[in-house]
Amino acid sequence: MDLVTLVEKQREYFERGITANIGYRKMALKRLENALKIWENKIYEALLKDLGKPRQETYMCELGLTLSEISYVKKHMKAWNKKKRVLTPLAQFISHSYTVRNPYGVVLIMSPWNYPLLLTLEPLIGAIAAGNCCILKPSAYSPATSAVIAEMIGKTFPREYIAVVEGGREENSELLEQKFDYIFFTGGVNVGKLVMKKAAENLTPVTLELGGKSPCIVDDTANIKIAAKRIVFGKFLNSGQTCVAPDYVLVCKSVKEKLVSEIISCIQSQYGDNPLADGEYVNIINEKHFLRVKALIDDELVVYGGGTDRERLRIEPTVMTGVTPECAVMQEEIFGPLLPVIEVDNVEEARDFVRNRPSPLALYLFTSDKRTKKMFLQNVSYGGGCINDTIIHLATSRMGFGGVGNSGMGSYHGKKSFETFSHEKSIVDKAVWLDLPMRYRPYKEFNEKLIRFFLK
């Protein structure tokens, strides 16, 4: 089935009203949940093949989070879908006001390769719950996982309801030529701009989940041991190939040496003396990205790591100090296991460093000072983040996740996903047995007095 026909078939399916039924949506989520359990071992095999992800990490960061999201959305979606009463202004007497949420229709979800299962299916959960038909476009860079998703979805849902389109740039381009009712894209800034440009031609609303250089700030009041352990976890998880990984560290001069020493100790504790030989160490997705990340390593600045294995596409957890804003590693999102450390005199300098750059997707602050917490919450623009931890803010269905400015627009997870994939209609249901004359022509002084009374 060609893409034009596929979109037409999905639109016909949507217009039949099948997905409007909340019971149908809930059953679809149950089917997806059951499919994930049936295909669990194939998912492990695919992610091991694409990224070298060990079973435990795959469940913790991909499959488990997806199942948790399904469970949460199933439990709450009926309440989210109910008509919501709101107060009616006196000027609209006598009537009652309410909002209702309706699905957009046929939506496109384009996902990346770094968490290929999670970042494909979590948006899908919201699209299903809201009542849409959906086309999924997983990344060509993770072909094994994309193939498993395609086969699993194909055997679970009719293609006119949910379909997977595999392929690369050609398929992406052809999809973006189609008229969708909503587009949800996760990936890099440059492709995100293209998606938004193509969507604008049809005035199609979009959510863009992008990335950027997410900073980690450590001040002189922080618990350094805990900070080091949690920075190492967040930075080197998935070999740094996480959109919300701490991209670089800004640390106060007085605690820099202690922090670097603890980070090195934590790397050794978590990854051993030879991570390149570790059977559970995640590889870089492909040679292109391996060479890109490797080129960012400045041997003169490396204080730990720096080793590489081109055959296995592996790069050691690497710490670099003496880094300046002009260094190559600070010119782009790293998306790999390199941790630049930049020394600052105080937290105000760190704040200004972040504010003078594009808004990041995440920010991590390690401090015990209430004033510092308030300063970064109120005076710095970023998508979201953690205080005294890293990356865990995205692992909940009870808060939205998304970027701001250069790091994206819109958010999802839990209720936010339902709202993202549905349109809120505002309705005033007016009585007909009483009709106040003040709004009708011809206008009189009496009318103006009444209008002023009702609208004050």
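In this text, all values refer to a predicted model and were calculated from it rather than measured experimentally.

Draft legend 1. Here's a closer look at the packing of aromatic side chains. In total, this model carries 14 aromatic pairs according to the counting rule given. Relative to Phe 418, the ring of Trp 80 has its centre 5.8 Å away and its plane inclined at 50°; by these criteria the two rings are tilted. With Trp 80 in helix α4 (residues 55-81) and Phe 418 in helix α14 (residues 415-420), the pair connects residues that are 338 residues apart, well separated along the chain. Grouping residues by exposure puts Trp 80 and Phe 418 together as buried. Consider the rings of Tyr 182 and Phe 421, whose centres lie 5.7 Å apart with planes at 55°: the pair is tilted. Of this pair, Tyr 182 sits in strand β6 (residues 182-186) while Phe 421 sits in the loop between α14 and β18 (422-430), placing them 239 residues apart in sequence. The pair Tyr 182 / Phe 421 is uniform in exposure class, with both members buried. Put simply, the rings of Tyr 104, Tyr 182, Phe 184, Phe 401, Tyr 412 and Phe 421 pair up and form one aromatic cluster.

Draft legend 2. Quick look at the packing of helix α2 (residues 22-38) against helix α5 (residues 118-130). α5 packs onto α2 with a crossing angle of 155° between their chain directions and a minimal axis gap of 8 Å. The orientation of α2 relative to α5 falls into the category roughly antiparallel. Judged by the sense of rotation from one axis to the other, the crossing of α2 with α5 is right-handed. Seen from α2, the contacting residues are Arg 25, Ala 28, Leu 29, Leu 32 and Leu 36; seen from α5, they are Leu 121, Leu 124, Ile 125, Ile 128, Ala 129 and Ala 130. For the contact of α2 with α5, the residue count by class is ten nonpolar, no polar and one charged.

Draft legend 3. Quick look at the side chain of Glu 262. Structurally, the position occupied by Glu 262 is in helix α10 (residues 256-271). Judged by its relative accessible area of 16%, Glu 262 is buried. With sequence-adjacent residues up to four places away left out, Glu 262 is seen in contact with Ile 224, Lys 225 and Ala 228.

Draft legend 4. Spotlight on the layout of surface pockets. When its volume is computed, the largest pocket comes out at roughly 1,600 Å³. Looking at the lining of the largest pocket, the elements with two or more residues in it are α7 (169-176), β6, α8 (189-201) and α11 (287-294). In terms of residue class, the lining of the largest pocket is made up of 21 nonpolar, 17 polar and ten charged. Roughly 360 Å³ of volume is contained in the second largest pocket. Together, 15 residues line the second largest pocket, and Pro 54, Glu 57, Leu 237, Tyr 271 and Glu 280 are the ones closest to its centre. Listed by contribution, the elements that provide at least two residues to the lining of the second largest pocket are α4, α9 (224-236) and α10.

Draft legend 5. Highlighting the pattern of salt bridges. The final tally for this structure, using the stated rule, is 16 salt bridges. One salt bridge connects Lys 74 with Glu 33, and the closest N-O pair in it is separated by 2.7 Å. Within this pair, whereas Lys 74 is found in helix α4, its partner Glu 33 is found in helix α2, the two being separated by 41 residues in sequence. Note on Lys 74: relative accessible area 15%, which makes it buried. For Glu 33, a relative accessible area of 13% puts it in the buried group. In this structure, the salt-bridge partner of Lys 198 is Glu 201, at a minimum N-O distance of 3.7 Å. Placement of the pair is Lys 198 and Glu 201 together in helix α8, with a separation of three residues, close to one helical turn. By relative accessible area, which is 16% here, Lys 198 ends up buried. Classification of Glu 201 by relative accessible area gives exposed; the value is 53%. Taken together, the shared-partner salt bridges in this structure form one network comprising Glu 177, Lys 198 and Glu 201.

Draft legend 6. Summary view of helix α12 (residues 347-355). Residues of α12 that are buried: Val 347, Ala 350, Arg 351, Phe 353 and Val 354. Relative to the axis of α12, the buried residues are bounded by an arc of 160° and lie together on one face. Contacts made by the buried residues of α12 are with β8 (215-218), β9 (248-252), β14 (338-344), β15 (362-366) and α13 (370-379).

Draft legend 7. Quick peek at a positive patch on the surface. A surface patch of positive charge is lined by Lys 26, Lys 30, Lys 78, Lys 82, Lys 84, Lys 415 and Lys 416. Within the residue set of the positive patch, elements represented by two or more residues are α2 and α14. Within the secondary structure, Lys 416 is located in helix α14. Take Lys 416: its relative accessible area is 39%, and that puts it in the partly exposed class.

Draft legend 8. Representation of the pairing of β14. A large share of β14 lies buried, amounting to six of its seven residues. Both β9 and β14 contribute to a ladder of four bridges, which runs parallel. Considered in β14, the bridge of Cys 252 is made with Val 344. Across three bridges, the pairing between strand β13 (residues 318-320) and β14 is parallel. Residue pairing for β14: Val 319 is matched across the bridge by Leu 339.

Draft legend 9. Local environment of the pairing of strand β2 (residues 95-103). Bridge count between strand β1 (residues 84-86) and β2: three bridges; the pairing is antiparallel. Residue pairing across strands places Arg 85 opposite Tyr 98, the latter belonging to β2. Here β2 pairs with β18 via nine bridges, running antiparallel. Considered in β18, the bridge of Asn 102 is made with His 423.

The rules behind the values
All residue numbers refer to positions counted from 1 along the written sequence of the respective chain. Reporting of local features is limited, given that this is a predicted model, to residues whose pLDDT is at least 70; pairs of side-chain atoms are given and counted only at 80 or more, and all residues count toward the totals for whole chains, interfaces and linings. To obtain the side-chain values, all non-hydrogen atoms of the structure were included, while hydrogens and water were left out. By convention, a stacked pair of Phe, Tyr or Trp rings (six-membered ring in the case of Trp) has centres within 6.5 Å and planes under 30 degrees apart, an edge-to-face pair has planes over 60 apart, and any other such pair is tilted. Secondary structure is summarised from DSSP: a helix means a run of H or I of at least four residues, a strand means a run of E of at least two, and numbering begins at the N terminus for each. Classification of residues uses two cut-offs on accessible area relative to the type maximum, computed with a 1.4 Å probe and protein chains only: under 20% is buried, over 50% is exposed, and between them is partly exposed. The convention used is that axes are lines fitted to C-alpha atoms, helices contributing only their stretch in contact, and that angles between N-to-C directions extend from 0 to 180 degrees. Each angle is binned into one of four classes, with values under 35 degrees roughly parallel, values over 145 roughly antiparallel, values of 65 to 115 roughly perpendicular, and all other values oblique. Crossing handedness: left-handed means the near helix sits turned counterclockwise from the far one by under a right angle, and right-handed means the same turn made clockwise. Contacts are residue-level and defined by heavy atoms, with any inter-residue pair within 4.5 Å sufficient. When residue character is reported, Ala, Val, Leu, Ile, Met, Phe, Trp, Tyr, Cys and Pro are called nonpolar, Asp, Glu, Lys and Arg charged, and the others, Gly included, polar. Here a cavity denotes grid points, spaced 1 Å and computed from the protein atoms alone, that fit a 1.4 Å probe unable to get out, and a pocket denotes an open set having protein on both sides within 12 Å along at least 5 of 7 lines; residues with an atom within 4 Å of a point are the lining. Grid points are joined across faces, edges and corners, and a volume is the space filled by probe spheres set on the points. Here, a salt bridge means any side-chain nitrogen of Lys or Arg that lies within 4 Å of a carboxyl oxygen of Asp or Glu. The arc in question is formed by the directions pointing from the helix axis toward the C-beta atoms. By definition, no residue in a patch forms a salt bridge, and every one has over 30% relative accessible area; like charges are joined within 9 Å, nonpolar side chains (Val, Leu, Ile, Met, Phe, Trp, Tyr) within 5 Å. Values of accessible area rely on a 1.4 Å probe in the Shrake-Rupley scheme; residue burial ignores everything except the protein chains shown. None of His or the chain ends enter the tally, which takes Lys and Arg as positive and Asp and Glu as negative. Every charge is mapped onto a representative atom, which is NZ of Lys, CZ of Arg, CG of Asp or CD of Glu. Strand pairing is defined by DSSP finding a minimum of two bridges between the two strands.

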